[in-house]
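Residue-level structural notes
What follows is the residue order along each chain.
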Amino acid sequence: MTTDLQRQFFEQMGVRHQLQGLCDALPDVFFFTKNRNGQMIWANQHLIRRIGAVSEKELIGAYDHEFLPTEVVEKYRADDCYVMETGEQIINRVEVFYDEAKILDWHVTSKMPVYNEDGSEIIGVAGVMRSCKGGESWSVSASELHDLVGYLRTPDGAKATVEELAERAQLSTRQLNRKFHAAFGMSARDFKIRTRLNAAAADLASTDRSICQIALEHEFSDQSTFSRQFRKHLGITPLEYRRNYQQGAADGPV
C-alpha cells in the first residue's frame, strides 16, 4: 500500500515517472504497459528497438499486430486479456519471442494487472520479458530442466524419445511431463516438437534450403508433417514464415 511519504514523493516527480529511465538501463530486459484495448502506453528502449519502432512516440497507441507477426500476437493478447479479466498475475512463463535476428527463441514473461489510482478498476496490463539464453534468467521450474533442454537442441536430443529423455533425467515419463507442464505449459513431447520448429524457423529465415530439406534435417518425417506441425504451433505455414521474414528483411524491422 502506498504511504503518504511515497505519494508525496511520486506527486513531486510528476506525471512522467522518472524511474522508468532505470528500465532502459537494464540489459536484455523488456518492459511494457498496455491499456485495456491492447494499445501500447509505454515500453523501455530495449523493447522499442526489438520490435522495430523508431521512437516511443511511434509506439504509443499502437497495437501488437502493427509490429509483430500474427503467430505470436494472438497468444500475447489472450494472456493480456486473462490478466485484465481475472486480476491474476502470470509469473515466469516460458514462451517464444523474437530475438535480435528476428528468430524465434525462448523468453521468460511475467504480466500483472494495472489498476486505477484507488484500486477499484483494472485499466491495463504491464509486463516484463527476459531472454532464456544461457539459462540464467529461467524460472526456477525451468532451470531444473536446463540441461535437458540443452540436450534437446543437439542432433541426438532431437531424435530422442520422451522415454529416453525421462531416463536421461532420471524421472518417470509422468514426472517429466509434470515438470515440463509446470515450466513451459506443455508436455515434454510438445516442447520437443516446438524446439525443433524453432530451429527449423531459424533455417527458414537464414538459408535458401528447400522446406522439404529443412523438414528432414530437423527430424520431421516429410514436408507435410512439418508444415502441419509448424502451423499448429506457430499459426503460420513454413512458406508464409519464410516470405514474411524475407519481406521484413527487405523493408527493415517488422
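These lines cover the structure that appears in this document, whether it is placed above or below. Note that the structure is a prediction, hence the values are computed from the model and not measured.

1. A word on the packing of helix α11 (residues 188–206) against helix α13 (residues 223–234)
The geometry of α11 relative to α13 is characterised by a closest axis approach of 10 Å and an angle of 105 degrees between their N-to-C directions. Put simply, α11 runs roughly perpendicular to α13. For the pair formed by α11 and α13, the contact residues are Asp190, Ile193, Arg194, Leu197, Ala200, Ala201 and Leu204 on the first element and Phe226, Gln229, Phe230, His233 and Leu234 on the second. In the contact of α11 with α13, the residues fall into eight nonpolar, two polar and two charged.

2. Here we look at the pattern of salt bridges
Overall, the coordinates contain eight salt bridges when judged by the stated rule. In this structure, Arg36 and Glu85 form a salt bridge, with 2.7 Å as the shortest nitrogen-oxygen distance. Taken together, the residues Arg36 in the loop between β1 (29–35) and β2 (40–43) and Glu85 in helix α5 (residues 70–86) connect sequence positions 49 residues apart. Here Asp80 ties to Lys111 by a salt bridge, and the two come within 2.6 Å at their closest N and O atoms. Taken together, the residues span a long stretch of sequence, with Asp80 in helix α5 and Lys111 in strand β4 (residues 104–115) at a distance of 31 residues. Assessed through its relative accessible area of 5%, Lys111 is described here as buried. Each of Lys34, Asp64, Asp80 and Lys111 takes part in salt bridges that share partners, so that together they form one network.

3. Here's the deal with the side chain of Thr109
Residue placement: Thr109 occurs in strand β4. Ignoring sequence-local partners within four residues, the contact set of Thr109 consists of Ile90, Ile91, Asn92, Arg93, Glu95, Val128 and Met129.

Rules used throughout
- The residue numbers shown here count from 1 along each chain, following its written sequence.
- It should be noted that, the model being predicted, local features are given only for residues of pLDDT at least 70 and side-chain atom pairs only at 80 or more, the latter also being counted only at that level, while totals for whole chains, interfaces and linings use all residues.
- The side-chain figures draw on all heavy atoms in the structure; neither hydrogens nor water molecules are used.
- Here an angle of 0 to 180 degrees is reported between the N-to-C directions of two axes, which are lines fitted to C-alpha atoms, with helices fitted over the stretch in contact.
- Helix and strand labels come from DSSP, where a helix needs a run of H or I of at least four residues and a strand needs a run of E of at least two; each type is numbered from the N terminus.
- Roughly parallel here means an angle under 35 degrees, roughly antiparallel means over 145, roughly perpendicular means 65 to 115, and every remaining angle is called oblique.
- Residue contacts are defined here by distance: any two heavy atoms, one from each residue, within 4.5 Å place the two residues in contact.
- Three classes are used, and their members are as follows: Ala, Val, Leu, Ile, Met, Phe, Trp, Tyr, Cys and Pro are nonpolar, Asp, Glu, Lys and Arg are charged, and the others, Gly among them, are polar.
- Salt bridge, as used here: a side-chain nitrogen of Lys or Arg that lies within 4 Å of a carboxyl oxygen of Asp or Glu.
- Think of it in three bands: residues with accessible area under 20% of the maximum for their type are buried, residues over 50% are exposed, and the middle band is partly exposed, with areas taken using a 1.4 Å probe on protein chains only.

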